[in-house]
Amino acid sequence: MRLVKSVLSIVAACVLLTATGGAQPRSRVVMLGTGTPNADPDRYGPAVAVVVDDTSYLIDAGVGVVRRAAAAQRAGIAALDATRLTRAFITHLHSDHTLGLADLILTPWVLERATPLEVWGPRGLQSMVNHLVAAYEDDLRVRAAGGEPAHQYDPHVVGVHEIEPGVVYRDDRVTVTAFAVPHGGWEQAFGYRFQTPDRTIVISGDTGADSHIADQCKGCDVLVHEVYSEAGFAKRPPEWQRYHSRYHTSSRQVGAIAARAKPKLLVLYHQLIWSSTEEALLKEVRSVYDGKVVSAHDLDVY
Ligand SMILES: [Zn+2]
Ligand SMILES: [Zn+2]
């Protein structure tokens, strides 16, 4: 266990120092989960953390989010301790991006987080949170009244903010701007732009290719973008091809977007690779984009 921890620390430190050219930035991007609905045991559900100094801001709450945050905390990122997961920005309500929301509401409460979760996201988020809390009513009652030491607040309280595009959050470390992205049948889906004291970080969430994300990035430090493999796509059944091309962005489309957006670093996540390979995916992106690009894995730090 100790070995795993130290290896993770070294990997995280190396990736970060490489990504930042040697200087330790105040702001870091931690890839908690890089997965999709596919049950890949190496890729947990989509969740990214922007960490500024000792404060964390989560983007999405895929399955396993609290465990992955704990792994990052063990690797040396104190801001991702379970009790410090207090703010989350949800891109859209697809299950792969929200299966960890109950975890994020309930687990840190049991672990004596001092304040309730605050969560921002599309219309329907309040209803989802209400249903999740209601589903665990018996658990909340037994834990609150059944002998667990005192908790810090009423677990029914979750600060939900249903948002529209624009600046949705600001404190002395970050300004968070939500922007609309096209994602098939979803009425509202968002990407997020984080302006921190030293970096601009843009996260696509799930999006089709006809987004305005290049305008949101415009030379940003880190662009985290979803992607699917064109070679893998070619072998998918036609009905799935229709779905993927409407809801998601192909490797060469991401490359074209990055060529306009000019990020200092393009980070691919939510990779739909299917029968192809990560190497082939990167090659497809590089065929139209000559900037710096990496294909992220869980717990990478940039
Ligand atoms: Zn997704
Ligand atoms: Zn989605």
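The text that follows walks through the structure, step by step, so that each part is easy to find. The structure presented is a predicted model; accordingly, all values stated were derived computationally and were not measured.

**Quick notes on the coordination of the zinc ion (ligand 2)**
No. 1: The protein atoms that coordinate the zinc ion (ligand 2) are His92 (NE2), His94 (ND1), His183 (NE2) and Asp206 (OD), at distances of 2.1 to 2.3 Å.
No. 2: The site at the zinc ion (ligand 2) holds four donor atoms, and with the angles between them running 97 to 151°, its shape is irregular.
No. 3: In the primary sequence, the donor residues of the zinc ion (ligand 2) line up as H-x1-H-x88-H-x22-D.
No. 4: Here the zinc ion (ligand 2) and the zinc ion (ligand 1) are spaced 3.5 Å apart, with aspartate 206 acting as a shared donor. Taken together, the residues histidine 94 in the loop between β4 (87–89) and α3 (95–98) and aspartate 206 in the loop between β10 (200–203) and α7 (213–217) connect sequence positions 112 residues apart. There is no split in this pair, since histidine 94 and aspartate 206 are both buried.

**Let's talk about the pairing of strand β5 (residues 118–121)**
No. 1: Note that β4 and β5 share three bridges and pair parallel. By the bridge assignment, arginine 87 is partnered in β5 with glutamate 118.
No. 2: The pairing of β5 with strand β6 (residues 159–162) spans four bridges and is parallel. Its bridge partner being in β6, glycine 121 is matched across the sheet by glutamate 162.

**Some remarks on the coordination of the zinc ion (ligand 1)**
No. 1: In this structure, Asp96 (OD), His97 (NE2), Asp206 (OD) and His270 (NE2) serve as the protein donors to the zinc ion (ligand 1), at separations of 2.1 to 2.2 Å.
No. 2: The site at the zinc ion (ligand 1) holds four donor atoms, and with the angles between them running 83 to 162°, its shape is irregular.
No. 3: For the zinc ion (ligand 1), the single-chain donor residues occur in sequence as D-H-x108-D-x63-H.
No. 4: With a relative accessible area of 7%, aspartate 96 lands in the buried category.
No. 5: Note on histidine 97: relative accessible area 0%, which makes it buried.

**Concerning the packing of aromatic side chains**
The geometry of an aromatic ring pair comes down to the distance between the two centres and the angle between the two planes.
No. 1: The tally for this structure, following the rule as stated, stands at 12 aromatic pairs.
No. 2: Centre to centre, the rings of phenylalanine 89 and phenylalanine 194 are 5.7 Å apart; their planes meet at 90°, and the pair counts as edge-to-face. Here phenylalanine 89 is found in strand β4, whereas its partner phenylalanine 194 is found in strand β9 (residues 190–195), with 105 residues between them in sequence. The two residues phenylalanine 89 and phenylalanine 194 agree in class, both being buried.
No. 3: The cationic tip of arginine 68 hangs over the ring face of tyrosine 44; the distance from NZ or CZ to the ring centre is 3.7 Å.

Conventions used here
- Residues numbered from 1 in each chain as written.
- Chains lettered and ligands numbered in written order.
- Predicted model: local features only at pLDDT ≥ 70, side-chain atom pairs only at ≥ 80, totals over all residues.
- Heavy atoms only, no water.
- Donors = N, O, S within 2.8 Å, 3.2 Å for Na, K, Ca; no water.
- Tetrahedral: all angles 85-135°; square planar, octahedral: opposite > 155°, others 65-115°.
- Helix = DSSP H or I, 4+ residues; strand = E, 2+ residues; numbered from the N terminus.
- Buried < 20%, exposed > 50% of the residue type's maximum accessible area, 1.4 Å probe, protein only.
- Pairing = 2+ DSSP bridges.
- Phe/Tyr/Trp six-rings, centres within 6.5 Å; stacked < 30°, edge-to-face > 60°.
- Lys NZ or Arg CZ within 6 Å of the ring centre and 35° of its normal.

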